[in-house]
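Each chain, written out:
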Amino acid sequence: RDRILAALPSDLAGSFEPMMTLYLTEQTPPDEIDSAAAAGIRAVKLYPAGATTNSASGVKDIEKVIPTLRAMAKHGMPLLIH
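What you see is a predicted model; the values in this text were computed from it and never measured. (Residues numbered from 1 in each chain as written. Predicted model: local features only at pLDDT ≥ 70, side-chain atom pairs only at ≥ 80, totals over all residues. Heavy atoms only, no water.)

S.K.: Whenever I open this one, the pattern of salt bridges confuses me. Can you help?
M.R.: Where charged atoms from two side chains of opposite charge come close, those side chains can pair. According to the stated counting rule, one finds three salt bridges in the structure shown. Of the charged contacts in the structure, one is a salt bridge between Glu-17 and Arg-42, with a shortest N-O distance of 3.0 Å. Residue Glu-17 is located in the loop between helix H1 (2-7) and strand E1 (21-24), and its partner Arg-42 is located in the loop between helix H2 (30-38) and strand E2 (43-46); the two are separated by 25 residues in the primary sequence. Residue classification places Glu-17 among the partly exposed residues on the basis of a relative accessible area of 46%. We classify Arg-42 as partly exposed; its relative accessible area is 38%. Two residues, Lys-64 and Glu-26, come together in a salt bridge whose shortest N-O distance is 3.6 Å. Linking Lys-64 in the loop between E2 and helix H3 (66-75) with Glu-26 in the loop between E1 and H2, this pair joins segments that are 38 residues apart in sequence. (Salt bridge = Lys/Arg side-chain N within 4 Å of Asp/Glu carboxyl O. Helix = DSSP H or I, 4+ residues; strand = E, 2+ residues; numbered from the N terminus. Buried < 20%, exposed > 50% of the residue type's maximum accessible area, 1.4 Å probe, protein only.)

Laid out in structure tokens, this is it:
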């Protein structure tokens, strides 16, 4: 986030807010969502495994991420499916 803000042209400084996201994997524990929310992470991206570029670590079995999805709901954190 800091690197993005530092790279902004001066006319955008103060008017642009990067919204940081987290990459959801089957190994993402629910408590990571608590930490992410506290750090300002705004949403979580779900890439179905093998569906697109850089999705090798994506989700194959949605049942494995249900506890993490519940933690996201607790924080009002959107799930972005790519």
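S.K.: Any chance you could explain the side chain of Thr-25 here in plain terms?
M.R.: Looking at the secondary structure, you find Thr-25 in the loop between E1 and H2. Exposure remark for Thr-25: the relative accessible area of 16% places this residue in the buried category. Side-chain polar atoms of Thr-25 contact the backbone nitrogen of Gln-27, separated by 3.1 Å. Once you skip the residues sitting within four places of it in the chain, Thr-25 turns out to touch Ser-57, Val-59 and Val-65. (Polar contact = N/O pair within 3.5 Å; in protein donor to acceptor, adjacent residues only side chain to side chain. Contact = heavy atoms within 4.5 Å.)

S.K.: Just to check I follow, could you spell out the packing of aromatic side chains for this structure?
M.R.: Two measures describe an aromatic ring pair: the distance that separates the ring centres and the angle between the ring planes. This model, assessed by the stated rule, comprises one aromatic pair. With a centroid separation of 5.1 Å and an interplanar angle of 25 degrees, the aromatic rings of Tyr-23 and Tyr-47 are classed as stacked. Here Tyr-23, found in strand E1, pairs with Tyr-47, found in the loop between E2 and H3; they are 24 residues apart in sequence, far enough to count as distant. (Phe/Tyr/Trp six-rings, centres within 6.5 Å; stacked < 30°, edge-to-face > 60°.)

S.K.: Can you walk me through the environment of Ala-56 in this structure?
M.R.: Looking at the element boundaries, Ala-56 is found in the loop between E2 and H3. Considered as a pair, Ala-56 and Gln-27 are 29 residues apart in the sequence and their alpha carbons are 13 Å apart.

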